[in-house]
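Fold and geometry: a report
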Amino acid sequence: MEQNIEPKKVLVVGAGGFIGGFIAGEALRRGYDTYVAVRESTSRRFLSDSRLKFVVLDYDDSEGMTAALRSALPEGERWDYIVYNLGATKCVNFTDFNRVNFIYLRTFLDALRSTGMMPGRLLFMSSLSALGPGDEKNYAPMNSRMIPNPNTRYGLSKIKAETLLESSPDVPWTIFRPTGVYGPHEQDYLMMVKSIDSHWDFGVGFRKQLLTFIYVEDLVTAIFDAMESPATLKKKYIISEGRAYTQSEFRKIVAQELGVKWVIPLRLPLWMVYAASFVAEKYGVAKMQASTLNRDKFKIMKQRNWDCDISDAVADFGFAPRYSLIDGIKATVAEYRRQKSARKEGAQS
């Protein structure tokens, strides 16, 4: 007589954004009983599948969060896996990085403890910025054994969160430090695509810069492969495609996919970009809106070497990115064209 095997349960925290929607989709594809944690005000644009089960959390209310987690599952049950994808990449005030990226994690872990719902594995989405600048003289790839030295408020908040996990013996954590994540619906790289579509390519600084990328589908595949592997417990991994690109190579790939015949590369001196970042940041504060361009972002754009060593991920859970930048840009541009065409049709109707 066949036994019915219950599907494993996964909770995606911070599911409402670009990456979160793909994580939830991959969980469903793998047959998981999939829960998505969102705020009351979170857009559910990328969470439209009827199989998803919503858990509404208020990260500023520890008691309310505890109650919401407790009521999400029958008494005595817990999630097999939790993907903690909640985080802020831009803020009106830099102190918000600490509140969202560090304090919210601490509050969430306390809620898991008080409910007895610590999962079998918690994968925390950190960032390559947690390491700070790499070797900008010899351009040696960044690796997981580097001593972190973050030079941004964003990176500092991420390393604080990592340290919290490392100092919590009851948390079965795995930490991912992805490089720049791109794909359909992502907005920051979309701005670069739009710029090249308009025949302009803006670069920062005059020294060689090595850029790295990870296509969103490769990232979410890696998330589940890592959580399902016992070899990844309490380890940290850099997640990247596995090769670096120059700004010129990036420009040529995007232009070719867009069918743009000519693009003017415009290199901006660092002082000019810093001045623009300062003004944009202050304008955002005045308008109470987080600005994409700010002094924290300037330090990230200023960094020359984003090359990565992914050998640990390859060895421990068979990490093998399927998308080269060419393949990923093809999919990203296809979505960009679809949206552009939809907007044009909407304007004509």
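Here's a quick rundown of the structure.

Now for the overall build of the protein chain. From N to C terminus, the protein chain includes eleven helices and eleven strands. The C-alpha radius of gyration of the protein chain comes to 21 Å, within 12% of the 20 Å expected for a compact globule of 349 residues. Buried residues in the protein chain amount to 51% of all 349 residues. Here the analysis covers contacts within the protein chain between residues at least 6 apart in sequence; of these, 79% occur between residues at least 24 apart.

Right, let's talk about the pattern of salt bridges for a bit. This model, assessed by the stated rule, comprises 23 salt bridges. Linked through salt bridges whose partners overlap, the residues forming this network are Glu26, Arg29, Arg30, Asp225 and Glu228.

Strands sit in the order E3-E2-E1-E4-E5-E6-E10 across an open sheet of seven strands; the sheet is parallel. In the strand order of this sheet, the two ends are held by strand E3 (53-56) and strand E10 (236-239), each with one partner. On average, each strand axis in the sheet is inclined to that of its neighbour by 20°, with strand direction left out of account. Summarising the sheet, strand E5 (residues 121-125) and strand E6 (residues 173-178) pair through four bridges and their orientation is parallel. Paired with Met125 across the bridge in E6 is Phe176.

With that settled, consider the environment of Asp312. Among the structural elements, Asp312 can be located in helix H10 (residues 311-317). By relative accessible area, which is 24% here, Asp312 ends up partly exposed. In the structure, Asp312 is positioned 77 residues away from Lys235 in sequence and 9.5 Å away in space, judged by C-alpha atoms. Not counting the four nearest positions on each side in its chain, Asp312 is found in contact with Ser144, Arg145 and Tyr237.

Where helix H3 (residues 95-115) contacts helix H4 (residues 153-166), the axes come no closer than 7 Å and their chain directions differ by 15°. Of the possible angle classes, the one that applies to H3 and H4 is roughly parallel. For H3 against H4, the interelement crossing comes out right-handed. Contacts between H3 and H4 involve Phe97, Asn98, Asn101, Phe102, Leu105, Arg106 and Leu109 on the former and, on the latter, Arg153, Tyr154, Ser157, Lys158, Lys160, Ala161, Leu164 and Leu165. Of the residues belonging to the contact of H3 with H4, the class tally is eight nonpolar, three polar and four charged.

Next up on the list: the nonpolar core. Grouped together as the largest cluster of nonpolar side chains are 62 residues, with contacts concentrated most on Phe176, Leu219, Ile223, Ile239 and Phe317. A total of eight residues in this core trace back to one element, the largest contributor, which is helix H6 (residues 216-227). Discounting residues that sit within four places of it in the chain, Ile239 has contacts with Phe176, Arg177, Pro178, Thr179, Ile214, Leu219, Ala313, Phe317 and Phe319. In this structure, Ile82, Leu86, Cys91 and Leu112 belong to the second largest nonpolar core, which totals 38 residues.

Quick look at the packing of aromatic side chains now. Aromatic rings considered in pairs are described by the distance between their centres and by the relative angle of their planes. A full pass over the atoms with the stated rule returns 22 aromatic pairs. Through successive ring pairs, a cluster of aromatic residues spans Tyr182, Tyr189, Phe213, Tyr215, Tyr245, Phe250 and Tyr323. Note that Lys160 overlies the ring of Phe102, its terminal NZ or CZ placed 4.4 Å from the centroid. The positively charged end of Arg243 is found above the aromatic ring belonging to Tyr245, 3.9 Å away from the centroid.

On to the environment of Ser126, then. Mapped onto the elements of the fold, Ser126 is located in the loop between E5 and H4. If near-sequence neighbours (up to four positions away) are discounted, Ser126 is found in contact with Lys158, Glu162, Ile175, Phe176, Arg177 and Pro178. Within the structure, the side chain of Ser126 is placed 2.6 Å from the side chain of Glu162, a separation counted as a polar contact.

Here the focus is a nonpolar patch on the surface. On the surface, a nonpolar cluster with roughly 490 Å² of combined accessible area is contributed by Trp200, Phe202, Trp262, Ile264 and Leu266. Among the elements of the structure, strand E8 (200-204) and strand E11 (264-268) are those that each provide at least two residues to the nonpolar patch. By the element assignment, Leu266 lies in strand E11.

Quick notes on the rules
- Residues numbered from 1 in each chain as written.
- Predicted model: local features only at pLDDT ≥ 70, side-chain atom pairs only at ≥ 80, totals over all residues.
- Heavy atoms only, no water.
- Helix = DSSP H or I, 4+ residues; strand = E, 2+ residues; numbered from the N terminus.
- Rg over C-alpha atoms; globule rule 2.2 N^0.38 Å.
- Buried < 20%, exposed > 50% of the residue type's maximum accessible area, 1.4 Å probe, protein only.
- Contact = heavy atoms within 4.5 Å.
- Salt bridge = Lys/Arg side-chain N within 4 Å of Asp/Glu carboxyl O.
- Pairing = 2+ DSSP bridges.
- Axes fitted to C-alpha atoms, helices over the stretch in contact; angles between N-to-C directions.
- Parallel < 35°, antiparallel > 145°, perpendicular 65-115°, else oblique.
- Left-handed = near helix turned anticlockwise from the far one by under 90°.
- Nonpolar A, V, L, I, M, F, W, Y, C, P; charged D, E, K, R; others polar.
- Core = buried A, V, L, I, M, F, W, Y, C linked by side-chain atoms within 4.5 Å.
- Phe/Tyr/Trp six-rings, centres within 6.5 Å; stacked < 30°, edge-to-face > 60°.
- Lys NZ or Arg CZ within 6 Å of the ring centre and 35° of its normal.
- Polar contact = N/O pair within 3.5 Å; in protein donor to acceptor, adjacent residues only side chain to side chain.
- Patch = residues over 30% accessible without salt bridge, like charges linked within 9 Å, V, L, I, M, F, W, Y side chains within 5 Å.
- Areas by Shrake-Rupley, 256 points an atom, 1.4 Å probe, with all protein chains shown as cover.

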